[in-house]
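Each chain, written out:
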Amino acid sequence: MPKDNGIGAATTRREDIRFLTGEGQYTDDINLTGQAHAVFARSDVANGVIKSIDTTAAMDMPGVLAVFTGEDFTEVGGNPAGWLINSRDGEPMKEPKRPVLAHGKVRHVGDAYAAVIAETKQQARDAVEALEVEIEELPAVIDMASAIGGGELVHDEIETNVCFDWGWIEDNRAATDEAIKNAPHVTTLELVNNRLVPNAMEPRASTADYNPGTDEYTLYTTSQNPHLTRLLISAFVLGIPENKLRVVAPDVGGGFGSKIYHYGEEALVLAAAKKLKRPVKWTASRTEAFLTDAHGRDHVTKIELACEKDGTFIAFRTETMANVGAYLSNFSTATPTFLHGTLMAGNYTVPNVYVNVKAVFTNTAPVDAYRGAGRPEATYSIERVIDMAARELGMDPIELRRKNFIKPDQYPFASAAGLEYDSGNYDAQMDKLEAMIDRDGFAARRAESEKNGKLRGLGVNAYIEACGIAPSNLVGVLGSRVGLYDAATVRVNATGNLSVMVGAHSHGQGHETAFPQVVADMLGIEAESIDIVHGDTAKIPFGMGTYGSRSLAVCGSAVVRATEKIIAKAKKIAAHMLEASDGDIELKDGQFSVAGTDKSVSFGEVALKAYIPHQFPIEDIEPGLEETAFYDPANFTYPSGAYACEVEVDPQTGKVTVDRFAAADDFGNIINPMIVTGQVHGGLAQGIGQALVENTTYDENGQLLSASYMDYCMPRADDLPFYQVDHSDGTPCTHNPLGVKGCGEAGAIGSPPTIINAVVDALQSGGHDVAHVDMPLTPSRVWTAMQG
Amino acid sequence: MAQVSMTVNGKTVSGEVEGRTLLAEFLREGLNLTGTHIGCDTSQCGACVVHVNGEAVKSCTMFAMEADGADVGTIEGQANADGSLNVIQQAFQDHHGLQCGFCTPGMVMSAAALLKENPKPSEAEVRTYLEGNICRCTGYHNIVKAIMAASGQDVSAIAAE
Amino acid sequence: MYEFEMTRPTTIADAAKALGDEDAQALGGGQTLIPTLKQRLAMPSALVSLGAIPEMKGVCMSDAGEVCVGGATPHAVVAAEATAYPGLAGLAAHIGDPAVRNRGTVGGSLANNDPSACYPAAALASGATIVTNTREIAADDYFQGMFSTALEDGEIITEVRFPVPEVSHYEKFVQPASRFALVGVMVAKFADGVRVAVTGASEDGVYRWTEAEAALSASFSADALADLAVSGDGMISDLHGSGDYRAHLVKVMTGRAVAKAA
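Residues numbered from 1 in each chain as written. Chains lettered and ligands numbered in written order. Predicted model: local features only at pLDDT ≥ 70, side-chain atom pairs only at ≥ 80, totals over all residues. Heavy atoms only, no water.

A. The arrangement of the overall build of chain B in detail. Per the secondary structure count, chain B includes five helices and five strands. Shown N-terminal to C-terminal, the secondary structure of chain B runs as helices and strands in the order β-β-α-β-β-β-α-α-α-α. Taken against the 2.2 N^0.38 rule, which gives 15 Å for 161 residues, the C-alpha radius of gyration of chain B at 16 Å falls within 12% of a compact globule. In terms of overall dimensions, chain B has a C-alpha envelope of 55 × 35 × 25 Å along the principal axes. (Helix = DSSP H or I, 4+ residues; strand = E, 2+ residues; numbered from the N terminus. Rg over C-alpha atoms; globule rule 2.2 N^0.38 Å.)

Dropping the structure here:
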């Protein structure tokens, strides 16, 4: 077996060649003959009644082909929520309709109420300005507390702004309340988990094509999961039969959650392509991305940690308001609940956990899963309150965590928040981390910083997350409206090369390189002879796509299962060719041999035989060598880790500089360590970005103040250090065939509390009585906090 | 409409443009050189960086007419004559300096401009120079490392796989 | 963008003539104007590019010892060539990012007078002369509040003449997102006194901090600022920082500029 491209090899990425030479093909790079262009008319008020839209003048503008308004979509469905949450009282959540184009009311700045299709983009934009629109502005509901408190209604028909009021686990509530009441020490922290804009560098884009001869549609779109998008459009929104709709997600320039969801623009271009019988293209500007991509986070939380005097944890109790924005996006109800509340026991043996989450409608852009999705919010709350408790108790923050860690001999461990952790070793990660950051040298570095007029702080953090959300049977009981398996088809071609069709979608994760490593390792052949096919519903089996760090754990497992079927069948063919019993056939280094003999045939010879089945036992074995597997995991996977960083604070300006950052992660087994490290790096930058610079700010009227890179700060190269990353010696996942856990979100989950803990440490070292500062820790906020 | 002509990646090209046609639009739509990407409206993300007369510029913040007669270099012209990756491109692959690939053309073009003016930049100099190029995937670690490696510096001490 | 005609004159005279048309607008490096046009916040009927006029480009020394910068000279050229005035070269070297510095021009920056731009601080602290196609304007008379200058419609900045101080430094604290100056302070020490210009902070745009000038003229050290107070009244207050924060930074940045002045 050529180990240099099998499991565990840091194989460089084959997809890089096209990206490095400008040959990548992203949605906006695709131009279809005869295409027209769509431009949307978007609300400039956060809440308003659409009194009238007169399209006459716009239709008369040069190049205009069609104008659509909400009226055109009243007969079709809405974009649905993918997860039903029931409130504590048993009532189902409120699900107001989310139409293709706003109808009756606009509900956030950027809400599209019309679209113009014209020969050119500029003509369409000119015509949008010619629409005669009367929108009566209403007071906007922006702040969650006022939205709950009886402000203006975002959706009149549901008579409340509270989508649901969820308790987890409701049966634990009384015991948790009692434990906190009687606890010797309770630390209480109120915090804000700041709203973020995912900001994939490629803005969303969709181009639709319609073939009147066959009544078939093709949608090229920036999606992390083309099959899910097709299902939503087909089953819920436009009703186009799935066998008439092909969804293609070509090269996609990052997603981070924001491209999981179906958006109205996709439905609009499809409808327009059919009406005009020509392709219709739309590409978002960055401003549109800010106004309409699903945002992330936006929780306001009160968390209490009850503990014994010696630091033994007794209970966590959390009350959270989670902003869902003006409409429910596809996973927006799952994110603050089952991806957040279930993680509220952290890495700890705490016996009592209770979480209350109120999801709140406001006149802002929809909020949904963004890198980490719920787990960053959980980790931030837990790890901030632990750090605060350590200070109050006068304990070392690492020792306090270690004291309460689940120990390696306790797995499988049933957490007080209802999950069963399968494996982990949190002390081992913390050991590694302490060495990585040279904790012993910290005092000297702090002294050196102080000599230079700076304050230095050390922050630590431990996290656990849940990836590869599953199994379908369980999530169905919990309210999921989709299955959470994935699928793969392994097609061995006649001359021995392979096409592997996967449900996962790669938009930076390197699947085209990593998945072949798995198959090559199993078959003992060169990875270069294996190609991954993804992103096209016409080519791939029905899989759920890529999000939640699930690709390898779920889809990779499907690849393994399908490859196992290939091996089983190939062994039968080889047995026939070698005139042996298939039980005696061994596969090694791409050769099928009869155990204990020197008789063998190569993998390529078996493949050829499968497709040219002369002298073939046709009555026992079908020709061909192609297998499909659907894999539905038995449990989540549970990546975990320990992070630390050192920051310097300039007390004169409040500016925070990250001097060093170390991440010790447990991702189980590793397929390609180079790619895994890259995933951690990216997650860290997004988490550090959340902690220090990124913030989404609406004013009281619902205007988005941070609607461009002039005001929404994206972390730059000079904001960040080189990171130390170690994910060696992980504890394998016990329930998937690769023993892998997922690595895509860890960095974004573990880093925000690490940074805040470090900054608080720095400020306290300078004599500032600052217990907490809300993210992002911009210079202005830190300086203001230091003023007392 | 006006006629413009320029040299792009060594070839003379011409086309009809409006006054408002951006250089990035002319490259992408007029010449089908879609490797130059557009990621923002405010001249900050740098996905559109190309070389005009040897200097890095943001092609989404320059009109095509202003490039009339100029020598323009884009990502499509960066590979070696035999089609193999040039030193910077190869370093990006070797050091995993890209993920989704969308910012990559701009990064490579900026890196080339940096190394032309500063053949052995320090880590801090690379980071500072990339102020106008935003990447959302990599956290910059491997981009900085790749550029330093492309300059011939030993990067083996920089943590990574 | 709305449609417009674009012309690229090669002489100042032709440019001035083209700008005589109503609704015609000058295009410098375009690094601010083009994003503005994309947002459809401006609607010129014609753009007159100043980028093809050789007589408006370059850096030289005048007989009076001033550093003279052509109005269409990009920041990168000033950074590289204004070696006689290190404070100015250093300022130019940190405007925007490298690609922006290859396009953005001194004339464009001064004509726009963005309250967070760097060049206005250089011009005001240097006591520069803004030379146009019709006259010469002293920097003290030129800046008239944010986005407002003494320029008449169609008037072109052809050159800026910067007297060279004994020592100087521009210290910028960046707004984290845009990388414009949240507060930027240029300190220039001349034989006859110190000039201090502040950008980014005031609702009135760039201004001279005269109290600091007096204190530093008496004693050119950061300590000389110790007793000065800066009020947050009239300072810009936005999501990146309050007026009080900006006021605080004015003093901190001034002190740092003095300490680094060379």
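B. Fine view of the sheet that holds strand 1 (residues 36-42) of chain A. All names here are of chain A. What the seven strands build is an open sheet, ordered 3-5-1-12-9-10-11; its pairing is mixed. Both edges of this open sheet fall to strand 3 (64-69) and strand 11 (245-248), since each of them pairs with a single strand only. When the angles between neighbouring strand axes are averaged without regard to direction, this sheet yields 20°. Of the strands in this sheet, strand 10 (216-221) and strand 11 are in contact with helix 6 (residues 226-237), which crosses strand 11 at around 145°. (Pairing = 2+ DSSP bridges. Axes fitted to C-alpha atoms, helices over the stretch in contact; angles between N-to-C directions. Contact = heavy atoms within 4.5 Å.)

C. Focus on the interface of chain A and chain B. Each side of the interface is counted separately: chain A has 55 residues, and chain B has 47 residues. Between chain A and chain B, the buried area comes to about 4,500 Å², and carbon and sulfur atoms account for 58% of it. When the buried area of chain A at its contact with chain B is split by residue, Leu20, Met201 and Phe722 of chain A rank highest and sum to 19% of it. Joining chain A to chain B, the criterion identifies three salt bridges. For arginine 28 of chain B, the salt bridge identified is with aspartate 29 of chain A, shortest N-O distance 2.7 Å. Taken together, the connections running from chain A to chain B amount to 28 residue pairs in polar contact (both at pLDDT 80 or more). (Buried area = accessible area lost by both parts, 1.4 Å probe. Salt bridge = Lys/Arg side-chain N within 4 Å of Asp/Glu carboxyl O. Polar contact = N/O pair within 3.5 Å; in protein donor to acceptor, adjacent residues only side chain to side chain.)

D. Summary view of a negative patch on the surface. Residue and element names in this part refer to chain C. Together, Glu22, Asp23, Glu152 and Asp153 line one region of the surface with negative charge. Residue placement: aspartate 153 occurs in the loop between helix 8 (139-142) and strand 8 (157-162). Taking relative accessible area as the criterion, aspartate 153 reaches 81% and is therefore assigned exposed. (Patch = residues over 30% accessible without salt bridge, like charges linked within 9 Å, V, L, I, M, F, W, Y side chains within 5 Å. Areas by Shrake-Rupley, 256 points an atom, 1.4 Å probe, with all protein chains shown as cover. Lys, Arg positive; Asp, Glu negative; His and termini not counted. Charge placed at Lys NZ, Arg CZ, Asp CG, Glu CD. Buried < 20%, exposed > 50% of the residue type's maximum accessible area, 1.4 Å probe, protein only.)

E. Spotlight on the packing of helix 2 (residues 87-94) of chain B against helix 3 (residues 104-117) of chain B. Residues and elements named next belong to chain B. Taken N-terminus to C-terminus, the directions of helix 2 and helix 3 make an angle of 125°; their axes are 10 Å apart at the nearest point. One finds that helix 2 runs oblique with respect to helix 3. Note on packing geometry: the crossing formed by helix 2 with helix 3 is right-handed. In contact with Ile88, Gln89 and Phe92 of helix 2, helix 3 contributes Met107, Val108, Ala111, Ala112 and Leu115. (Parallel < 35°, antiparallel > 145°, perpendicular 65-115°, else oblique. Left-handed = near helix turned anticlockwise from the far one by under 90°.)

F. Region of interest: the domain arrangement of chain C. Residues and elements named next belong to chain C. Partitioning chain C into structural domains gives domain 1 (5-162) and domain 2 (167-260). Taken over C-alpha atoms, the centre of domain 1 sits 23 Å from the centre of domain 2. Facing the 23 residues of domain 1 at the interface are 20 residues of domain 2. Where domain 1 abuts domain 2, roughly 1,700 Å² becomes buried across the two surfaces, and 62% of that area is made up of carbon and sulfur atoms. Ranking the residues of domain 1 by area buried against domain 2 places Ser116, Leu124 and Ala125 at the top, with a combined share of 28%. Remark: the boundary between domain 1 and domain 2 carries two salt bridges. Aspartate 140 is the salt-bridge partner of arginine 208, the closest N and O atoms lying 3.1 Å from each other. (Domains from an automatic or database assignment.)

G. The arrangement of the packing of aromatic side chains in detail. Residue and element names in this part refer to chain A. Under the definition given, this model contains 29 aromatic pairs over all chains. An angle of 50° between the planes, with centres 5.0 Å apart, marks the rings of tyrosine 421 and tyrosine 638 as tilted. Placement of the pair is tyrosine 421 in strand 17 (residues 420-421) and tyrosine 638 in the loop between strand 25 (626-631) and strand 26 (640-649), with a sequence separation of 217 residues. When sorted by exposure, tyrosine 421 lands in the same class as tyrosine 638, which is buried. What links up through ring pairs into an aromatic cluster is the set Phe313, Phe316, Tyr348, Phe405, Tyr411 and Tyr426. Looking at lysine 275, its charged tip hangs above the ring of phenylalanine 68, at a distance of 5.0 Å from the centre. (Phe/Tyr/Trp six-rings, centres within 6.5 Å; stacked < 30°, edge-to-face > 60°. Lys NZ or Arg CZ within 6 Å of the ring centre and 35° of its normal.)

H. Representation of the environment of glutamine 724 of chain A. Here glutamine 724 of chain A shows up in strand 28 (residues 723-726). For the pair glutamine 724 of chain A and glycine 34 of chain A, spaced 690 residues apart in sequence, the C-alpha to C-alpha distance is 51 Å. In this structure, glutamine 724 of chain A is in contact with Met436, Phe661, Ala662 and Ala663 of chain A together with Ala159 of chain B, ignoring residues within four places of it in sequence. Side-chain polar atoms of glutamine 724 of chain A contact the backbone oxygen of methionine 436 of chain A, separated by 2.9 Å.

I. Spotlight on the domain arrangement of chain B. Residue and element names in this part refer to chain B. If you check the domain split of chain B, you get domain 1 (2-76) and domain 2 (87-150). Domain 1 and domain 2 are separated by 21 Å when their C-alpha centres are compared. Counting from both sides, the interface comprises 17 residues of domain 1 and, opposite them, 15 residues of domain 2. When domain 1 packs against domain 2, close to 1,100 Å² is buried across both sides, 62% of that on carbon and sulfur atoms. It is His37, His51 and Ile75 that lose the most area in domain 1 upon contact with domain 2, and together they represent 39% of the buried surface on that side. Our enumeration of links across domain 1 and domain 2 arrives at zero salt bridges. Our enumeration of links across domain 1 and domain 2 arrives at seven residue pairs in polar contact (both at pLDDT 80 or more). Counting residues per element, the ones that place at least two in the side of domain 1 that touches domain 2 are strand 3 (49-52) and strand 4 (55-58). The element contributing the most residues to the side of domain 1 that touches domain 2 is strand 3, with three residues. Split into classes, the residues belonging to the side of domain 1 that touches domain 2 amount to seven nonpolar, nine polar and one charged. (Nonpolar A, V, L, I, M, F, W, Y, C, P; charged D, E, K, R; others polar.)

J. Geometry of helix 17 (residues 673-692) of chain A. Residue and element names in this part refer to chain A. With 20 residues, helix 17 extends 28 Å from end C-alpha to end C-alpha; this agrees with the ideal 28 Å at 1.5 Å per step. Judged by how many residues are buried, helix 17 sits mostly within the fold: 20 of 20 residues are covered. The N-cap of helix 17, judged by a side-chain oxygen 3.0 Å from the amide nitrogen of methionine 674 a few residues on, is asparagine 672. (Expected span 1.5 Å × (residues − 1).)

K. A look at helix 3 (residues 121-130) of chain A. The complete set of buried residues in helix 3 of chain A reads Gln122, Ala124, Ala127, Val128 and Ala130 of chain A. The inward-facing, buried residues of helix 3 of chain A abut strand 1, helix 2 (56-59), strand 3, strand 5 (112-118) and strand 6 (132-137) of chain A.

L. View of the sheet that holds strand 22 (residues 585-588) of chain A. All names here are of chain A. The strand order 22-23-24 describes an open sheet built from three strands, whose pairing is antiparallel. On the outer flanks of this sheet lie strand 22 and strand 24 (600-602), each paired with one strand and no other. With direction set aside, neighbouring strand axes in the sheet form an average angle of 25°. As paired elements, strand 23 (residues 591-594) and strand 24 share three bridges and run antiparallel to each other. Within the sheet, the bridge partner assigned to glutamine 591 lies in strand 24 and is serine 602. Each of strand 22, strand 23 and strand 24 is contacted by helix 15 (residues 551-578), which is oriented at about 55° to strand 23, the strand it contacts most.

M. Region of interest: the pairing of strand 21 (residues 530-533) of chain A. Residue and element names in this part refer to chain A. The two faces of strand 21 differ: Ile530 and Ile532 on one face are buried, but Asp531 and Val533 on the other face are not. Bridge count between strand 20 (residues 498-502) and strand 21: four bridges; the pairing is parallel. Within strand 21, the residue paired with leucine 498 across the bridge is isoleucine 530. The parallel pair strand 20 and strand 21, bridged by helix 14 (residues 511-523), forms a crossover whose chirality is right-handed. (Right-handed = clockwise from strand over helix to strand, strands pointing away.)

N. A look at the pattern of salt bridges. Here the structure, examined in full by the defined rule, presents 75 salt bridges over all chains. The salt bridge involving glutamate 170 of chain A is made with arginine 173 of chain A; its shortest N-O contact spans 3.5 Å. Judged by its relative accessible area of 26%, arginine 173 of chain A is partly exposed. Among the ionic pairs, arginine 20 of chain B bridges to glutamate 3 of chain C, the shortest N-O distance being 4.0 Å. A residue pair is termed interchain when its members come from two chains, as with arginine 20 of chain B in the loop between strand 2 (11-17) and helix 1 (23-30) and glutamate 3 of chain C in the segment before strand 1 (5-7). For arginine 20 of chain B, a relative accessible area of 6% puts it in the buried group.

O. Spatial organisation of the packing of helix 15 of chain A against helix 16 (residues 603-611) of chain A. Residues and elements named next belong to chain A. Close contact between helix 15 and helix 16 brings their axes to 10 Å; oriented N to C, the two are set at 90°. Here helix 15 lies roughly perpendicular to helix 16, going by the angle between them. Note on element contacts: helix 16 touches helix 15 through Glu605, Val606, Lys609 and Ala610, opposite Ala570, Ile573, Ala574 and Met577.

P. Local environment of a nonpolar patch on the surface. Together, Leu608, Tyr611 and Ile612 of chain A line one region of the surface with nonpolar side chains, adding up to about 240 Å² of accessible area. With respect to the helices, strands and loops of the structure, leucine 608 of chain A is situated in helix 16.

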